[in-house]
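Structure at a glance
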2 protein chains.
Amino acid sequence: MRIRIGILGYGNLGRGVECAVRQNPDMELRAVFTRRDPENVKILTDTAKVCHIDEAENWQGELDVLILCGGSASDLPVQTPKYAGLFNVVDSFDTHARIPEHFAAVDAAAGKAGRTAVISVGWDPGMFSLNRMYAGAILPEGKDYTFWGRGVSQGHSDAVRRIKGVKDARQYTIPVETALASVRAGENPDLTTREKHTRECFVVLEEGADAAKVEEEIKTMPNYFADYDTTVHFISEEEMKRDHSRIPHGGFVLRSGVTGREKENHHLIEYSLKLDSNPEFTSSVLTAYARAAYRLSAEGVHGCKTVFDIAPAYLSPKSGEELRKTLL
Amino acid sequence: MRIRIGILGYGNLGRGVECAVRQNPDMELRAVFTRRDPENVKILTDTAKVCHIDEAENWQGELDVLILCGGSASDLPVQTPKYAGLFNVVDSFDTHARIPEHFAAVDAAAGKAGRTAVISVGWDPGMFSLNRMYAGAILPEGKDYTFWGRGVSQGHSDAVRRIKGVKDARQYTIPVETALASVRAGENPDLTTREKHTRECFVVLEEGADAAKVEEEIKTMPNYFADYDTTVHFISEEEMKRDHSRIPHGGFVLRSGVTGREKENHHLIEYSLKLDSNPEFTSSVLTAYARAAYRLSAEGVHGCKTVFDIAPAYLSPKSGEELRKTLL
């Protein structure tokens, strides 16, 4: 029997999960739950139903795992504890500072209901966190570095779009190559915010808007841009559509550490991602962890888990024997 | 109370474990077991004892984990099942093809004795295996690539040393840059053995040896060199000592895969290591997994495990709460 998946929220992430489920023959999509009118939501999977979100609770017993594809700002803090009381769930909650309270709320709900919840799954938090953890455990004396990009930051793009006179905008976060090179060379640099990343904005102006003023407003915006070297390009709507419609991202996690009698030997561990589609990659990680949630639940392991708590083999459709034979 | 560690075998790997234990404040080295006369073995740790290997079995109850630092060819196939019946153990068994039978033997012994054994820990098998597994679970449609080097291959160095007329030799395995670049570009190349790695040998000749003949013998040696482009350099004993006394290694694990409705989005996951000391890095991984073996044993999880079976958090001295707060 295949693992029966539900998707809650059908934006970029939900559509990505639908595609990922199609790539995993041991899973099948059963239902998509949406806040929109289900009549107006077209999905790819003929055999799955589109339902209004209010119907989700009637699906208990029909789904093995519900993958929550809402946003971290307002959806998941409410949805994950709620649905963890009804289903095994996986989410991609990514507000790093609020993970402890989210964990506590979800753990309480899932524990009480005897369900398995996996939170903060994706690449950061997610695969990047895992790599920081493994590398730190292996090289206790060392230094961590995380660089993001080159990729589109949705939050920064939105911030630029809110400026008066801006019709559309896309912001790319770019790691500074010389900083990366210094880390790779084992120089253990202390890097300021400005030294690690630059920001590049592509902006379509409203008719009659003042370009110089918009550029100034972007470059001096506190938190978002003031601490960075930012470049602003004004482009046409056609150029925006032609050159900036994808949502690429990626980044690098490095640990530079030492071992030996006199700490004389240097080691570098580097993990990197180069992603054409940030949401689709996140969806693929969510889908692999849905398999883990299903299996843990079947073993009676309930409550809230993160990527740190789950043995790697739970993610793979292969048996332990097969993994040892082919991948070890 | 600190985790009490024993080391069995005091070569490069055993010495590396001793150094690694010094970097982990929650552990202490209690004893080193050696086949040599203990009187002639000097270790770094004043508080640990040096004992003959035959005394090891008298240390039950005195050690939480015994880290086995012998070789994969003849030591570990005997030692790991034997000592898994007496202690929690960790080894770095790296003969990939024989892992299934080693696993079975160790699992039987550890299961019967109620001990926890972790085998094939290091970087390949080990961290590279983990990365192949995670990447394959996330991107089910894709292709794996593993490149090794630049680094010293002990097996190939030994093979050259066995040639008549060779006094000393060091062999470096080197990944082919253009092949790596093609994988990173998402071209999914089919690579032959020759296209993935080159081999470079530094050789000190015996007096009067025929350089041309030695070079010919190296380059045509079946399995070891015949399928590769090999470069041979003849150097002096002083140059060997000055330039080739370290044991660096490293490599790259890549997965190139696709997602999306039409498989239109490409993703690259890359993990790489650049190590000044191959044995010391392996030792550092063994030491982190010794912590996991200790904890699993305390939880009553017995039998044989590999890196696939162990949740990442078991490797870290940090609590779940601390990990979620600082690394997720």
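The structure we're discussing is the one just above.
For clarity, every value in this text was computed on a predicted model and none was experimentally measured.

**A few points about empty space enclosed by the protein**
- Following the criterion strictly, the structure yields one cavity of 30 Å³ or more and no others.
- Computed from the structure, the largest cavity encloses a volume of approximately 40 Å³.
- Together, Met127, Leu130, Asn131, Tyr134 and Tyr271 of chain A together with Leu130, Asn131 and Tyr134 of chain B line the largest cavity.
- Elements with a minimum of two residues in the lining of the largest cavity: α4 (127-138) of chain A together with α4 (127-138) of chain B.
- Per element, the largest residue contribution to the lining of the largest cavity is four residues, and it comes from α4 of chain A.

**Here we look at the packing of helix α2 (residues 76-84) of chain A against helix α3 (residues 99-113) of chain A**
Residues and elements named next belong to chain A.
- At a minimum axis distance of 7 Å, the contact between α2 and α3 shows a crossing angle of 20 degrees. Here α2 is positioned roughly parallel relative to α3, judged by the angle of their axes. For the crossing formed where α2 meets α3, the hand is right-handed. Residues Leu76, Pro77, Thr80, Pro81 and Ala84 of α2 form the contact with α3, whose participating residues are His102, Ala105, Val106, Ala109, Ala110 and Ala113.
- Residue classes in the contact of α2 with α3 are distributed as nine nonpolar, two polar and no charged.

**Thoughts on the side chain of Ser182 of chain A**
Residue and element names in this part refer to chain A.
- Summarising the element assignment, Ser182 is placed in helix α6 (residues 177-184).
- A relative accessible area of 11% means that Ser182 is categorised as buried.
- Beyond its immediate sequence surroundings of up to four residues, Ser182 is in contact with Glu187, Asn188 and Pro189.

**Describing the side chain of Lys196 of chain B**
All names here are of chain B.
- Mapping Lys196 onto the fold places it in helix α7 (residues 193-196).
- One buried charged residue, Lys196, remains without a salt bridge, the closest side chain of opposite sign being Asp124 at 9.3 Å.
- Leave out the neighbours within four places in its chain, and Lys196 touches Thr146, Phe147, Ile174, Pro175, Val176 and Leu191.

**A short note on the state of the cysteines**
All names here are of chain A.
- Tallied over the entire structure, the rule returns zero disulfides over all chains.
- Considering cysteine sulfurs only, Cys69 is the nearest to Cys304, which forms no disulfide, with 16 Å between them.
- Given the relative accessible area of 4%, Cys304 is considered buried.

**What to know about the pattern of salt bridges**
All names here are of chain B.
- Scanning all chains against the criterion turns up 40 salt bridges over all chains.
- Between Arg194 and Asp229 there is a salt bridge whose closest N-O contact spans 2.7 Å. You can see Arg194 sitting in helix α7 and its partner Asp229 sitting in strand β11 (residues 229-234), a full 35 residues away along the chain.
- For Arg194, a relative accessible area of 36% puts it in the partly exposed group.

**Brief notes about unusual backbone geometry**
- Omega for the peptide link from Asp124 of chain A to Pro125 of chain A comes to 5 degrees, which places this bond in the cis form.
- You can see Pro125 of chain A is positioned in the loop between β6 (116-118) and α4.
- Arg150 of chain B follows Gly149 of chain B through a cis peptide bond whose omega is -5 degrees.
- Counting through the fold element by element, Arg150 of chain B comes out in the loop between β7 (142-148) and β8 (151-152).
- For Lys263 of chain B, which is not a glycine, the phi torsion comes out positive at approximately 55 degrees.
- For Lys263 of chain B, the position within the fold is in the loop between β12 (249-259) and β13 (265-275).

**Here we look at the packing of aromatic side chains**
- A complete count under the given rule lists eight aromatic pairs over all chains for this structure.
- With a centroid separation of 5.6 Å and 90 degrees between ring planes, the pair formed by Tyr172 of chain B and Phe202 of chain B is classed as edge-to-face. In this pair, Tyr172 of chain B is assigned in strand β9 (residues 166-175) and Phe202 of chain B in strand β10 (residues 197-205), connecting sequence segments 30 residues apart. A single burial state applies to Tyr172 of chain B and to Phe202 of chain B, both of which are buried.
- Taken together, the ring pairs in this structure connect Trp123, Phe128 and Tyr271 of chain A into an aromatic cluster.
- Arg150 of chain B extends its terminal NZ or CZ atom over the ring of Tyr172 of chain B, reaching a point 4.2 Å from the ring centre.
- Over the ring of Tyr228 of chain B we find Arg199 of chain B; its NZ or CZ atom is 4.0 Å from the centre of that ring.

**Description of the sheet that holds β10 of chain B**
Residue and element names in this part refer to chain B.
- The strand order across the open sheet built from four strands is β8-β9-β10-β11, with neighbouring strands paired in mixed fashion. Taken across any chain shown, the strands that pair with only one partner, and hence form the sheet edges, are β8 and β11.
- Pairing between β9 and β10: nine bridges, direction antiparallel. Counted as the bridge partner of Tyr172 is Glu200 from β10.
- Of the strands in this sheet, β9, β10 and β11 touch helix α8 (residues 211-219), which is tilted by about 150 degrees from β11.

**Details of the sheet that holds strand β4 (residues 65-68) of chain B**
All names here are of chain B.
- Ordered in space as β3-β2-β1-β4-β5-β6-β14, the seven strands form an open sheet in which the pairing is parallel. A single partner strand is all that each edge strand has here, and the edge strands are β3 (49-52) and β14 (303-305).
- Here four bridges tie strand β2 (residues 27-34) to β3, and the two strands are oriented parallel to one another. Looking at the pairing, Ala31 lines up with Lys49 of β3.
- The strands touched by helix α10 (residues 278-298) are β1 (3-8), β2, β4, β5 (89-90) and β6 (116-118); relative to β4, the strand with the most contacts, the crossing angle is about 145 degrees.

**What about the relation of the copies chain A and chain B?**
- When chain A is fitted to chain B, the best match, at an RMSD of 0.0 Å, comes from turning it 180 degrees and sliding it 0.0 Å along the axis. Between the two chains, the operation in question is that of a two-fold axis. By C-alpha distance to the rotation axis, the residue of chain A lying nearest is Ala311 of chain A, at 1.8 Å.
- Here 100% of the interface residues in chain A have copies in chain B that are interface residues too; the copies meet face to matching face.

**A look at α3 of chain A**
- The end-to-end C-alpha distance of α3 of chain A is 21 Å, a good match for the 21 Å that 15 residues give at a rise of 1.5 Å each.
- Of all the residues in α3 of chain A, the buried ones are Ile99, His102, Phe103, Val106, Ala109 and Ala110 of chain A. Down the axis of α3 of chain A, the buried set is contained in an arc of 145 degrees. They therefore lie on one face.
- Considering only its buried residues, α3 of chain A is in contact with α2, β6 and β14 (303-305) of chain A together with α11 (320-326) of chain B.
- Looking one or two residues past α3 of chain A, Gly114 of chain A carries a phi angle of roughly 70 degrees, positive in sign.

Cut-off values and rules
- Residue indices begin from 1 for each chain and proceed along its sequence in written order.
- A letter from A marks each chain and a number from 1 marks each ligand, given out in the order of writing.
- Confidence filtering applies because this is a predicted model: local features only for residues at pLDDT of at least 70, side-chain atom pairs given and counted only at 80 or more, and all residues used for totals across whole chains, interfaces and linings.
- Where side-chain values are given, they derive from all heavy atoms of the structure, hydrogens and water being excluded.
- With a 1 Å grid laid over protein atoms only, a set of points is called a cavity when a 1.4 Å probe fits there but cannot get out and a pocket when it is open yet has protein on both sides within 12 Å along at least five of seven lines; lining residues have an atom within 4 Å of a point.
- Grid points are joined across faces, edges and corners, and a volume is the space filled by probe spheres set on the points.
- Here a strand is any run of E in DSSP of at least two residues, a helix any run of H or I of at least four, and the numbering for each starts at the N terminus.
- Only C-alpha atoms enter the line fits that serve as axes; for helices the fit covers just the stretch in contact. Angles between N-to-C directions range over 0 to 180 degrees.
- Orientation is classified from the angle alone, with under 35 degrees giving roughly parallel, over 145 giving roughly antiparallel, 65 to 115 giving roughly perpendicular, and any other angle giving oblique.
- Crossings are assigned a handedness: left-handed for a near helix turned anticlockwise from the far helix by less than a right angle, right-handed for a clockwise turn.
- We call two residues in contact whenever any of their non-hydrogen atoms come within 4.5 Å of each other.
- Side-chain classes follow a simple rule in which Ala, Val, Leu, Ile, Met, Phe, Trp, Tyr, Cys and Pro form the nonpolar group, Asp, Glu, Lys and Arg form the charged group, and the remainder, Gly included, forms the polar group.
- Residue burial is assigned from relative accessible area. The probe radius is 1.4 Å, only protein chains are included, and a residue is buried under 20% of its type maximum, exposed over 50%, and partly exposed in between.
- The charged-residue count follows a simple rule in which Lys and Arg add positive charge and Asp and Glu add negative charge, with His and chain termini not counted at all.
- Every case where a carboxyl oxygen of Asp or Glu lies within 4 Å of a side-chain nitrogen of Lys or Arg is listed as a salt bridge.
- We call a pair of cysteine sulfur atoms a disulfide when they lie within 2.5 Å.
- Ring pairs are drawn from Phe, Tyr and Trp, using the six-membered ring of Trp, whenever the two centres fall within 6.5 Å, and their geometry is named by plane angle: stacked under 30 degrees, edge-to-face over 60, tilted for the rest.
- A ring is scored as having a charge over it whenever the NZ atom of a lysine or the CZ atom of an arginine sits within 6 Å of its centre and within 35 degrees of its normal.
- Here, any two strands with at least 2 DSSP bridges between them count as paired.
- Here the copies are matched by least squares. The fit uses the C-alpha atoms of residues with pLDDT of at least 70 in both.
- Multiplying 1.5 Å by the residue count of a helix minus one yields the expected span of that helix.
- By arc we mean the arc of the directions from the helix axis to the C-beta atoms, nothing more.

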